[in-house]
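Observations on the three-dimensional arrangement
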Amino acid sequence: RGTVTAFSPFDARADAEALRKAMKGMGTDEETVLKILTSRNNAQRQEIASAFKTLFGRDLVDDLKSELTGKFETLMVSLMRPAYIFDAHALKHAIKGAGTNEKVLTEILASRTPAEVRNIKQVYLQEYEADLEDKITGETSGYFQRLLVVLLQANRDPDGRVDEGLVEQDAQVLFRAGELKWGTDEEKFITILGTRSVSHLRRVFDKYMTISGFQIEETIDRETSGDLEKLLLAVVKCIRSVPAYFAETLYYSMKGAGTDDDTLIRVMVSRSEVDLLDIRQEFRKNFAKSLHHVIQKDTSGDYRKALLLLCGGDDE
């Protein structure tokens, strides 16, 4: 359900030559660069990079970095990252240097499947010769850290038969751990939300509503705060619908004054071959405007052109 699919007929050498020509000499033909890179899928972009090196003895990503600037450069370079390295790289930067970017940790670890999380950990180890879990525990603390560690184990129950008895029990446990308790038993929330299967949790949320009269999100909002609250809410939203979660993430990255370009780029690139069509649909449904329209209004120049091509259509 991605907006970007394999381009056909594909000729890596011809694309490499066109890109070299676009960046050679004085001035850069940005239009050619963005048209090629947004219309090829990631596997094809890797073939172009390899052809580029073979033909010209130059590194395509280095050339993009020296010829382009600003957000447009960031977007093009992000598109060139192999898909499996993309998340590992984003996490590495979120925990590098002074201050941790909790938002990135939350977004990636709440939304990726257990198989994807296992893959990210493996790639992280290969690329950076470091253990992702060690890095994250070194930079985070408290219940926020504990939920991240649970998600990093990637041991969520596989989807399958839902045990109604356990659904009732989990809903009661959450009710007692939050609304009925003076203070909150965060651990119960972490264990249940971090380990039960997606279909089981959807039933738990419905049952919770029946028992307590509240949506689970309202309880989390009242009973927890800070980074833990944001992470619990992200997990709940992704259990309900990953595309709806990303539609909301994109909406807030562009709402109000100033744009959170890092988030906008990260989501558009990482979901362009996964579920961006579904995200567009949810965006239209939940915010009464199209993603295309909001990007159009909120960005400019080649950066806007490239984002709109990735978006792949207007749902007005």
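All residue numbers here refer to positions counted from 1 along the written sequence of the relevant chain. Local features in a predicted model are, by the rule used here, given only for residues with pLDDT of at least 70; side-chain atom pairs are given and counted only at 80 or more, and totals for whole chains, interfaces and linings are based on all residues. Water and hydrogen atoms were dropped before computing side-chain values, which therefore reflect all heavy atoms in the structure.

Once that is clear, we can look at the packing of aromatic side chains. Only Phe, Tyr and Trp rings are paired, with Trp represented by its six-membered ring, and only when their centres lie within 6.5 Å; those with planes under 30 degrees apart are stacked, over 60 edge-to-face, the remainder tilted. Enumeration over the complete set of coordinates arrives at eight aromatic pairs. An angle of 65° between the planes, with centres 6.0 Å apart, marks the rings of Y251 and F283 as edge-to-face. On the criterion of sequence distance, the pair formed by Y251 in helix α16 (residues 242-254) and F283 in helix α18 (residues 276-287) is long-range, its members being 32 residues apart. Exposure classes here rest on a 1.4 Å probe applied to the protein chains alone. A residue is buried below 20% of its type maximum, exposed above 50%, and partly exposed in between. Look at F283 and you get buried, because its relative accessible area is 0%. Each helix corresponds to a stretch of at least 4 residues labelled H or I by DSSP, and each strand to a stretch of at least 2 residues labelled E; elements are numbered beginning at the N terminus.

Before going further, it helps to examine the nonpolar core. Ranked by size, the top nonpolar core spans 98 residues in total, and within it M76 and M268 carry the most contacts. Counting residues per element, this core draws most heavily on helix α15 (residues 226-240), at nine residues. To qualify as a nonpolar core, a set must consist of buried Ala, Val, Leu, Ile, Met, Phe, Trp, Tyr and Cys residues joined through side-chain atoms within 4.5 Å.

Now for the pattern of salt bridges. When a carboxyl oxygen of Asp or Glu lies within 4 Å of a side-chain nitrogen of Lys or Arg, that pair is called a salt bridge. What the rule picks out here adds up to 23 salt bridges. Two residues, K237 and E248, come together in a salt bridge whose shortest N-O distance is 2.9 Å. With K237 in helix α15 and E248 in helix α16, the pair connects residues that are 11 residues apart, well separated along the chain. Via salt bridges that share partners, E31, K35, D302 and K305 belong to a single interconnected network.

These results come straight from atomic positions and should not be treated as a statement about function.
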